[in-house]
Amino acid sequence: MNKNYIITGLVIFVLTVLSPFWFNMITTTQAAPEPELLGQAKEAKKCVLDKYEMRANHMELLDEWRDSVVRTADRQYKAANGHTFNMSISTGTNSCLGCHEDKTKFCDKCHTYASVDPYCWDCHTNPKEIE
């Protein structure tokens, strides 16, 4: 008598637990976009961090930079590769948007894919977006 309820409960439990795996097999996902490198970034082939570390940790790096610039007025970052960079996301020589000059093709491409709305532009001037 209880045997039927137990078996039914186990079947429902197994179906519920495995449903995300079946859903992922049925649906197709898009590959993460590859940001386009333009201008200095394409030519220089150097960045603050390697691309995989930058993809994973760029927000932490920007937070560290913000704290360093605001609290100690230190505006230069010496990377592990020996190069020195300006701690700035704004356009300008040797800064983030100085190399990655088209925000729509570089920043927005991945942030849109990941459904992330960064708060950088709440304080910083949004750079002129290249058409």
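Heads up: these notes are all about the structure in this document. (Residues numbered from 1 in each chain as written. Predicted model: local features only at pLDDT ≥ 70, side-chain atom pairs only at ≥ 80, totals over all residues. Heavy atoms only, no water.)

To continue, consider the overall build of the protein chain. From N to C terminus, the protein chain includes six helices and two strands. Counted from the first residue to the last, the protein chain has its helices and strands arranged as α-α-α-β-β-α-α-α. (Helix = DSSP H or I, 4+ residues; strand = E, 2+ residues; numbered from the N terminus.)

A separate point is the side chain of His 111. For His 111, the location among the structural elements is in helix H5 (residues 107–113). For His 111, a relative accessible area of 18% translates into the label buried. Aside from chain neighbours lying at most four places away, what touches His 111 is His 58, Val 116 and Pro 118. (Buried < 20%, exposed > 50% of the residue type's maximum accessible area, 1.4 Å probe, protein only. Contact = heavy atoms within 4.5 Å.)

Phi at Ala 73 takes a positive value of approximately 60°, unusual for a residue other than glycine. Tracing the backbone shows Ala 73 in the loop between helix H3 (51–72) and strand E1 (76–78). Taking relative accessible area as the criterion, Ala 73 reaches 59% and is therefore assigned exposed. Even without a glycine there, the phi angle at Ser 115 is positive, about 55°. Mapped onto the fold, Ser 115 is located in the loop between H5 and helix H6 (120–123).

Here the largest pocket defines a volume of roughly 1100 Å³. Considering the residues around the largest pocket, the lining is formed by 41 residues, among which Pro 35, Met 54, Arg 55, His 58 and Phe 106 are closest to the centre. Only H3, strand E2 (84–86), helix H4 (96–99), H5 and H6 provide two or more residues apiece to the lining of the largest pocket. No other element matches H3, which puts 10 residues into the lining of the largest pocket. Taken together, the residues of the lining of the largest pocket break down into 26 nonpolar, seven polar and eight charged. Approximately 390 Å³ is the volume found for the second largest pocket. (1 Å grid on protein atoms, 1.4 Å probe; cavity = no way out; pocket = protein on both sides within 12 Å on 5 of 7 lines; lining within 4 Å. Points joined across faces, edges and corners; volume = space filled by probe spheres on them. Nonpolar A, V, L, I, M, F, W, Y, C, P; charged D, E, K, R; others polar.)

Moving on, we come to H3. The periodicity of an α-helix, 3.6 residues per turn, causes residues three or four positions apart to be oriented the same way. Across its 22 residues, H3 extends only 28 Å between first and last C-alpha, which sits more than 12% below the 32 Å expected from 1.5 Å per residue. Considering bend angle alone, the principal kink of H3 is centred on Asn 57 and spans about 75°. Check the buried side of H3 and you find it contacts E1, E2 and H4. Just downstream of H3, Ala 73 is the residue with a positive phi angle, here 60°. (Expected span 1.5 Å × (residues − 1). Bend = angle between axes of the 7 residues up to and from the residue.)

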